[in-house]
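Commentary on secondary and tertiary structure
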2 protein chains.
Amino acid sequence: MEFRVTLPDWAIAENERLPDAIVDVENRMRAIIRFSRLNLEHQTGGPFAAGVFEKDSGKVVAVGVNRVVPASVSSAHAEIVAISIAQQKLETFDLGGPDMPDHQLVVNGRPCAMCFGSIPWSGVRSVVIAASGEQIEALTGFDEGPIHPAWRSELHKRGIEVTEDVLANEACDIFRQFAASDRPVYNGRSGS
Amino acid sequence: MEFRVTLPDWAIAENERLPDAIVDVENRMRAIIRFSRLNLEHQTGGPFAAGVFEKDSGKVVAVGVNRVVPASVSSAHAEIVAISIAQQKLETFDLGGPDMPDHQLVVNGRPCAMCFGSIPWSGVRSVVIAASGEQIEALTGFDEGPIHPAWRSELHKRGIEVTEDVLANEACDIFRQFAASDRPVYNGRSGS
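Attention in this report is confined to the structure presented alongside it.

**Focus: the packing of aromatic side chains**
Residue and element names in this part refer to chain A. Scanning the model with the defined rule gives nine aromatic pairs over all chains in all. Grouping aromatic residues by their ring pairs yields a cluster made of Phe-48, Phe-142, Phe-175 and Phe-178. Lying across the ring of Trp-151, Arg-110 places its NZ or CZ 5.6 Å from the centre.

**Some remarks on the sheet that holds strand 4 (residues 103–109) of chain B**
Residues and elements named next belong to chain B. Taken in spatial order, the five strands make up an open sheet running 3-2-4-5-6, and their pairing is mixed. Either end of the sheet is taken by a strand with one partner, and the two such strands are strand 3 (60–65) and strand 6 (161–163). Ignoring which end each strand starts from, the neighbouring axes of this sheet average 15° apart. For strand 5 (residues 126–131) and strand 6, the ladder comprises three bridges, and the chain directions are parallel.

**Structural notes on the relation of the copies chain B and chain A**
When chain B is fitted to chain A, the best match, at an RMSD of 0.0 Å, comes from turning it 180° and sliding it 0.0 Å along the axis. Given the turn and translation reported, the copies of this chain are related as if by a two-fold rotation axis. In this assembly the copies share their binding face: 100% of the residues contributing to the interface of chain B also contribute to that of chain A.

**Looking at unusual backbone geometry**
Residues and elements named next belong to chain A. One non-glycine residue, Leu-167, lies in the positive phi region at around 55°. Within the element layout of this structure, Leu-167 appears in the loop between strand 6 (161–163) and helix 8 (168–179). For Leu-167, a relative accessible area of 10% puts it in the buried group.

**As for the pairing of strand 1 (residues 2–6) of chain A**
Side chains Phe-3 and Val-5 of chain A project from strand 1 of chain A onto a buried face, and the interleaved Glu-2, Arg-4 and Thr-6 of chain A project onto a face without burial. The sheet contact formed by strand 1 of chain A and strand 1 (residues 2–6) of chain B spans five bridges and is antiparallel. By the bridge assignment, Val-5 of chain A is partnered in strand 1 of chain B with Phe-3 of chain B.

**Points about the interface of chain B and chain A**
Listed by partner, the interface residues are 54 residues for chain B and 54 residues for chain A. In this assembly, chain B packs against chain A so that about 4,700 Å² is buried in total across both faces, 63% of it on carbon and sulfur atoms. Three residues, Met-1, Phe-3 and Trp-121 of chain B, lead the burial of chain B against chain A; their summed loss comes to 21% of the area buried on that side. Where chain B meets chain A, there are four salt bridges. A salt bridge links Arg-4 of chain A to Glu-2 of chain B, with the nearest nitrogen and oxygen atoms 2.7 Å apart. The tally of links between chain B and chain A comes to twelve residue pairs in polar contact (both at pLDDT 80 or more). Listed by contribution, the elements that provide at least two residues to the side of chain B that touches chain A are strand 1, helix 1 (9–17), helix 3 (68–71), helix 4 (78–90) and helix 5 (113–122) of chain B. A total of eight residues in the side of chain B that touches chain A trace back to one element, the largest contributor, which is helix 5 of chain B.

Rules used throughout
Residues numbered from 1 in each chain as written. Chains lettered and ligands numbered in written order. Predicted model: local features only at pLDDT ≥ 70, side-chain atom pairs only at ≥ 80, totals over all residues. Heavy atoms only, no water. Phe/Tyr/Trp six-rings, centres within 6.5 Å; stacked < 30°, edge-to-face > 60°. Lys NZ or Arg CZ within 6 Å of the ring centre and 35° of its normal. Pairing = 2+ DSSP bridges. Helix = DSSP H or I, 4+ residues; strand = E, 2+ residues; numbered from the N terminus. Axes fitted to C-alpha atoms, helices over the stretch in contact; angles between N-to-C directions. Least-squares fit on C-alpha atoms with pLDDT ≥ 70 in both. Contact = heavy atoms within 4.5 Å. Buried < 20%, exposed > 50% of the residue type's maximum accessible area, 1.4 Å probe, protein only. Buried area = accessible area lost by both parts, 1.4 Å probe. Salt bridge = Lys/Arg side-chain N within 4 Å of Asp/Glu carboxyl O. Polar contact = N/O pair within 3.5 Å; in protein donor to acceptor, adjacent residues only side chain to side chain.

Below, the structure is given as structure tokens:
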């Protein structure tokens, strides 16, 4: 009567090895892409990683990776994992609560339909994206789902800024590495 | 380096008290609406509940309730909680996997943008809804988020049937009871 999503041991160790803060946004993304590569190489989930940072200081709150298959939880996408760990660490469901610094979600690929919908609830004020949804689908075969066609403006309307195409090539390299492996593509179609 | 969402004690006890199967779909919804009322009355989360059933037999797999505030997890909506508990119980991320019976999600209000996006990943083949998104927003003040404008057909396209307006009046009674209480409305706006 509960569910639990854990990070693999290597990711716990890598989280502990991260600096307290990563000031430059490209370097935040570089760290996230590294987690996506390690998750693929360790075979501990899909090739996706996400981090929650304090936007101005770059303080690292939590980095998560995709855990769908090992955790047996279809919603354990990297964004949900990183946001949930950050929220339980800070003991609040709202990363945009009063007296809190602005938080930023950094992710190696555009959030899927579900993760997009989770962003306004999380309280993050900024989303930084590497590869586009089209790049992910073309390179990996993952289905990104029925995201709102005006997803950018729907986030803007809610006071959430969106930055795209940050180190997209580097992110796509990992998706190519994934495609060349025999790791499973699980998605809505796999069950049909 | 993990996150965990638990059901409150009363919901664990109520889950154990449920019959093995609930054959009639209206009765499945009646049980879910009861959980939504109890979650409000026990002050253990928002007025939302969801259940995963075997579609044909009505076998109860898991019933979850909204745990956003007590769990400090913004994505701990009833649908995500019920689906994740069901998946970890059955040890699969895909409730629509090969050799499995069809699974049905029964929920007291139309899924929000995030939960809508989570449905294709879950593997459920059928969604049964009581109150509409408009009814929830009008009665409670909760924001249902930027759901895809063609959400019904996006689910149909993926082989997921949608049944709406099942005991909507009974579900709305709980939302009215919520509105008359002083329980918090947490959503994307609460942090802005």
